[in-house]
Amino acid sequence: DAGVIQSPRHEVTEMGQEVTLRCKPISGHDYLFWYRQTMMRGLELLIYFNNNVPIDDSGMPEDRFSAKMPNASFSTLKIQPSEPRDSAVYFCASRRTSGSSGEQFFGPGTRLTVL
Amino acid sequence: AQSVTQPDIHITVSEGASLELRCNYSYGATPYLFWYVQSPGQGLQLLLKYFSGDTLVQGIKGFEAEFKRSQSSFNLRKPSVHWSDAAEYFCAVGAGGAAGNKLTFGGGTRVLVKP
């Protein structure tokens with residue numbers, strides 16, 4: 001299995017630009033999670049989906065952030081417009097329910113720098 | 001709401017020495033507890049987890065952790081560290097849904113291994 005795939009691995013953009021981060025979960029996994037990691041706030045859960053439906057988006061910082069999961073194999077996290085304080089590493093993780101031990105499998109992350 | 005505290009931000013240990021990382025959690029019900037490891041530039045990998053049953057759990061890479069309800073702790077241990085154990089370690093508590101979908105992470109402990 002290829003694991004959770006995220007793209008791009010690094011993104012550098014200018015303030016005000018739109019940024020789209022992409023995630024492909026592990027095949028057969030029905031939960032998908034987006035996290036953000038910063039020095040100041042550590043690892044924070046932003047939003048998670050079950051069977052492509054958003055379940056809890058209480059961690060999404062503000063309206064500039066949006067996430068979609070159009071199908072079981074793809075999700076996006078969009079920031080529009082981006083700000084320097086959005087600079088962080090964004091992780092996607094997935095897990096399956098059936099027979100699951102609850103483990104979330106993490107992707108390698110996307111390091112976002114907003115200038 | 002649940003929370004996790006990792007009191008030690010940095011720990012330096014000599015290769016071959018034992019290692020113990022502290023984790024204290026706050027959660028109103030029976031917790032689902034996890035330890036993840038993050039190597040530089042990488043995503044998070046699960047070391048071990050506790051859901052119920054035996055309070056001493058074994059994980060990968062020779063790690064173990066002990067759940068102590070009376071102390072609200074889930075400390076991670078390894079009898080003899082290897083240089084490859086240098087990484088950042090995160091304790092997490094799960095809440096909500098099957099086997100803890102919503103993870104709350106501690107701030108992490110960075111482990112340095114001296115030769």
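The preceding data block contains the structure.
Residues numbered from 1 in each chain as written. Chains lettered and ligands numbered in written order. Predicted model: local features only at pLDDT ≥ 70, side-chain atom pairs only at ≥ 80, totals over all residues. Heavy atoms only, no water.

Caption draft 1: Summary view of the overall build of chain A. Regarding its fold elements, chain A presents zero helices and 11 strands. Going from N to C terminus, chain A has its helices and strands arranged as β-β-β-β-β-β-β-β-β-β-β. The C-alpha radius of gyration of chain A comes to 13 Å, within 12% of the 13 Å expected for a compact globule of 115 residues. Viewed in the frame of its principal axes, chain A has a C-alpha envelope of about 45 × 25 × 25 Å. In chain A, which comprises 115 residues, the proportion classed as buried is 48%. Contacts in chain A between residues far apart in sequence, at least 24 positions, make up 54% of those at least 6 positions apart. (Helix = DSSP H or I, 4+ residues; strand = E, 2+ residues; numbered from the N terminus. Rg over C-alpha atoms; globule rule 2.2 N^0.38 Å. Buried < 20%, exposed > 50% of the residue type's maximum accessible area, 1.4 Å probe, protein only. Contact = heavy atoms within 4.5 Å.)

Caption draft 2: Expanded view of the pattern of salt bridges. Summed over all chains, the structure comprises 14 salt bridges over all chains. With its nearest N and O atoms 3.5 Å apart, the salt bridge here joins E83 of chain A to R64 of chain A. In this pair, E83 of chain A is assigned in the loop between β8 (74–79) and β9 (88–95) and R64 of chain A in the loop between β6 (53–56) and β7 (65–71), connecting sequence segments 19 residues apart. For E83 of chain A, a relative accessible area of 23% puts it in the partly exposed group. A salt bridge links R22 of chain B to D8 of chain B, with the shortest nitrogen-to-oxygen separation between them at 2.9 Å. Of this pair, R22 of chain B sits in the loop between β3 (19–21) and β4 (24–26) while D8 of chain B sits in the loop between β1 (3–5) and β2 (10–14), and the two are 14 residues apart along the sequence. Classification of R22 of chain B by relative accessible area gives partly exposed; the value is 39%. With relative accessibility at 19%, the residue D8 of chain B sits in the buried group. (Salt bridge = Lys/Arg side-chain N within 4 Å of Asp/Glu carboxyl O.)

Caption draft 3: Quick peek at the packing of aromatic side chains. Throughout the structure, instances matching the rule amount to 18 aromatic pairs over all chains. Relative to F105 of chain B, the ring of F90 of chain B lies with its centre 6.3 Å away and its plane at 85 degrees, an arrangement referred to as edge-to-face. Here F90 of chain B is found in strand β10 (residues 87–95), whereas its partner F105 of chain B is found in strand β11 (residues 102–105), with 15 residues between them in sequence. The pair formed by F90 of chain B and F105 of chain B is uniform in burial state, with each residue classed as buried. A connected cluster of aromatic rings, assembled from ring pairs, spans Y31, F33, Y35, Y48, F91 and F106 of chain A together with Y32, F34, Y36, F51, F90 and F105 of chain B. (Phe/Tyr/Trp six-rings, centres within 6.5 Å; stacked < 30°, edge-to-face > 60°.)

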